[in-house]
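Structural characterization, general
The chain contents come next:
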Amino acid sequence: MEDTASTTTSIDDKTDDYGDSPTRDALAEGLMELLRPSVEQLDDHVRLTLISQKELRQQIDSLSEELRQISETYNSMFDLDVYVKKLMNAKRRVMLVNNILQNAQERLNRLHQSIARETAKRKALLETSPTSIPPAM
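Residues numbered from 1 in each chain as written. Predicted model: local features only at pLDDT ≥ 70, side-chain atom pairs only at ≥ 80, totals over all residues. Heavy atoms only, no water.

This next bit is on the overall build of the chain. Along the backbone of the chain there are three helices and zero strands. For the chain, the succession of helices and strands along the chain, N to C, is α-α-α. For the chain, with 137 residues in total, the buried portion stands at 20%. Taking as baseline every contact in the chain between residues at least 6 positions apart, the subset at least 24 positions apart corresponds to 81%. Per element, the accessible surface of the chain, about 11,200 Å² overall, is 57% carbon and sulfur. (Helix = DSSP H or I, 4+ residues; strand = E, 2+ residues; numbered from the N terminus. Buried < 20%, exposed > 50% of the residue type's maximum accessible area, 1.4 Å probe, protein only. Contact = heavy atoms within 4.5 Å. Areas by Shrake-Rupley, 256 points an atom, 1.4 Å probe, with all protein chains shown as cover.)

Here is the structure:
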């Protein structure tokens with residue numbers, strides 16, 4: 001029996017082979033530029049939704065306070081406790097959604113920063129690399 005060596009390698013072994021490939025750099029730059037508008041648009045939408053959530057929370061607080069005052073004033077005429085509880089439940093849900101949106105906003109900010117850093121690295125590499133030989137066609 002013949003003992004043959006395996007020629008398969010992992011992806012980690014091949015990453016150095018792609019080093020300063022202009023094609024790879026151009027592709028990476030293109031992908032980052034492709035994703036950037038979507039990330040920025042999503043970031044803007046999350047920011048606007050957070051503002052809307054904050055305004056909604058303030059309105060719920062205001063309405064809840066008014067209902068408490070009405071309930072105290074007309075205690076015998078109306079039973080508004082049920083509605084106050086519903087408003088408080090809605091406020092809790094709004095706050096939960098607000099927390100989720102804040103977490104998403106933080107993730108988007110980190111992603112945006114990573115894209116900016118990677119873009120800066122790529123540009124620095126392209127500027128400092130010796131004149132590249134155009135790929136053969």
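Following the structure, the description resumes.
Where helix 2 (residues 22-73) meets helix 3 (residues 81-128), the closest approach of the two axes is 7 Å, and the angle between their N-to-C directions is 160 degrees. Put simply, helix 2 runs roughly antiparallel to helix 3. Crossing angle aside, the handedness with which helix 2 passes helix 3 is left-handed. Taken together, the residues of the contact of helix 2 with helix 3 sort by class into 23 nonpolar, ten polar and 16 charged. (Axes fitted to C-alpha atoms, helices over the stretch in contact; angles between N-to-C directions. Parallel < 35°, antiparallel > 145°, perpendicular 65-115°, else oblique. Left-handed = near helix turned anticlockwise from the far one by under 90°. Nonpolar A, V, L, I, M, F, W, Y, C, P; charged D, E, K, R; others polar.)

This paragraph deals with helix 2. If you check helix 2, its first and last C-alpha atoms are 76 Å apart, about what 52 residues at 1.5 Å a residue would give, namely 76 Å. Of all the bends in helix 2, the largest measures some 25 degrees and sits at leucine 35, one to four residues before the proline proline 37. (Expected span 1.5 Å × (residues − 1). Bend = angle between axes of the 7 residues up to and from the residue.)

The first and last C-alpha atoms of helix 3 sit 70 Å apart over 48 residues, in line with the 70 Å expected at 1.5 Å per residue. For helix 3, the complete set of buried residues consists of Val84, Leu87, Ala90, Lys91, Val94, Asn98, Leu101, Gln105, Leu108, Ile115, Thr119 and Arg122. Buried residues along helix 3 sit against helix 2.

For the rest of this paragraph, the subject is the pattern of salt bridges. All told, the structure shown has five salt bridges when counted by the stated rule. Note that arginine 36 is salt-bridged to glutamate 33, the shortest N-O span being 3.6 Å. Residue arginine 36 and its partner glutamate 33 are located together in helix 2, separated by three residues, close to a single helical turn. The class of glutamate 33 is partly exposed, set by a relative accessible area of 37%. Between aspartate 44 and arginine 47 there is a salt bridge; the shortest N-O distance is 3.0 Å. (Salt bridge = Lys/Arg side-chain N within 4 Å of Asp/Glu carboxyl O.)

Attention shifts here to a nonpolar patch on the surface. Together, Leu27, Leu31 and Leu34 line one region of the surface with nonpolar side chains, adding up to about 320 Å² of accessible area. On the secondary structure map, leucine 31 appears in helix 2. When its relative accessible area of 45% is taken as the criterion, leucine 31 is described as partly exposed. (Patch = residues over 30% accessible without salt bridge, like charges linked within 9 Å, V, L, I, M, F, W, Y side chains within 5 Å.)

Here the chain shows a mean pLDDT of 76. Residues at 70 or above account for 76%. The spread of mean pLDDT over the elements of the chain runs between helix 1 (residues 11-14), the lowest at 47, and helix 3, the highest at 85. The low-confidence segment residues 9-18, where pLDDT is below 50, has two contacts with residues more than four positions distant or belonging to other chains. (pLDDT = per-residue confidence, 0-100.)

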